[in-house]
Amino acid sequence: MLPLCDVLHITVNDLLSGARVSPINYQKKAEENMMNLMQENEENKKRMALCVICGVITIIAVCSLVVIASYIEMPTIARIALIAFSVATAAAGIGAAAALEAKAGHFECPHCKALFVPTMSEYVKGYRTFTKRKLRCPECGRSGMCKHRIIR
Ligand SMILES: [Zn+2]
């Protein structure tokens, strides 16, 4: 980032805030940028933690529902209802966890290094590994394995 700023004869903060900032405002703007970034990182960490909690609760809830449906004596209709309920719980839990994860932080394009938040449909469709996801970059239009970055 620094060499780029040298070439453009601007400061790092001008680059980050997307506008030239006069020296008087510089300190204030710099603090603002710093605060925004820290706040954003905090929120993203919280979202990621919520995502994990959400996933764990879903697994526990679904497992206990399945155990209850399998081992406890009850009429067939109640058993079917319970299984349907556990499937619905799993779907809702996975959906909520995915929504939280998609919005926690950014994905980094492997081609142009742009950071972006994918749309929900892009995110759900994408083939994934633990830390990367196949997404189309909105900046350069190419798709690739984008790295998930919680903080920046
Ligand atoms: Zn790109």
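Let me begin by describing the structure that accompanies this report. (Residues numbered from 1 in each chain as written. Predicted model: local features only at pLDDT ≥ 70, side-chain atom pairs only at ≥ 80, totals over all residues.)

## Notes on the overall build of the chain
Next, step 1: Scanning the chain for helices and strands turns up five helices and four strands.
Next, step 2: Tracing the chain from N to C terminus, the helices and strands come up as α-α-α-α-β-β-α-β-β.
Next, step 3: Within the chain, buried positions represent 11% of all 152 residues.
Next, step 4: Considering only residue pairs separated by 6 or more positions, the chain has 53% of its internal contacts joining residues 24 or more positions apart. (Helix = DSSP H or I, 4+ residues; strand = E, 2+ residues; numbered from the N terminus. Buried ≥ 20, exposed ≤ 12 C-beta atoms within 10 Å, placed from the backbone. Contact = placed C-beta atoms within 7 Å.)

## Comments concerning the sheet that holds strand β2 (residues 115-116)
Next, step 1: If you trace the four strands from one edge of the open sheet to the other, you get β2-β1-β4-β3, paired in antiparallel fashion. Single-partner strands in this sheet number two, and they are β2 and β3 (132-136).
Next, step 2: Strand direction decides the pairing type here: strand β1 (residues 106-108) and strand β4 (residues 143-149), joined by three bridges, are antiparallel. Of the residues in β4, the one forming a bridge with His106 is Arg149. (Pairing = 2+ DSSP bridges.)

## Brief notes about the pairing of β3
Next, step 1: Of the two faces of β3, the one holding Arg133 and Leu135 is buried and the one holding Lys132, Lys134 and Arg136 is not buried anywhere.
Next, step 2: Note that β3 and β4 share five bridges and pair antiparallel. Residue pairing for β4: Arg133 is matched across the bridge by Cys146.
Next, step 3: The turn joining β3 and β4, which pair antiparallel and follow one another in sequence, is formed by six residues; a positive phi near 80° is taken by Gly141.

## Overview of the nonpolar core
Next, step 1: Phe107, Cys109, Leu135, Cys137 and Cys146 together form the largest nonpolar core, which totals five residues.
Next, step 2: Once you skip the residues sitting within four places of it in the chain, Phe107 turns out to touch Phe116, Pro118, Arg133, Leu135, Cys146, Lys147 and His148. (Core = buried A, V, L, I, M, F, W, Y, C linked by C-beta atoms within 7 Å.)

## Observations concerning helix α4 (residues 76-103)
One full turn of an α-helix is made of 3.6 residues, so residues set three or four places apart face in the same direction.
Next, step 1: Over its 28 residues, α4 runs 41 Å from end to end, which matches the ideal 40 Å to within 8%, given 1.5 Å per residue.
Next, step 2: Looking one or two residues past α4, Gly105 carries a phi angle of roughly 75°, positive in sign. (Expected span 1.5 Å × (residues − 1).)

## Comments concerning the environment of Asn44
Next, step 1: Residue placement: Asn44 occurs in helix α3 (residues 23-71).
Next, step 2: For the pair formed by Asn44 and Arg152, sequence separation is 108 residues and the distance between their alpha carbons is 9.9 Å.
Next, step 3: Aside from chain neighbours lying at most four places away, what touches Asn44 is Ala104, Gly105, Ile150 and Ile151.

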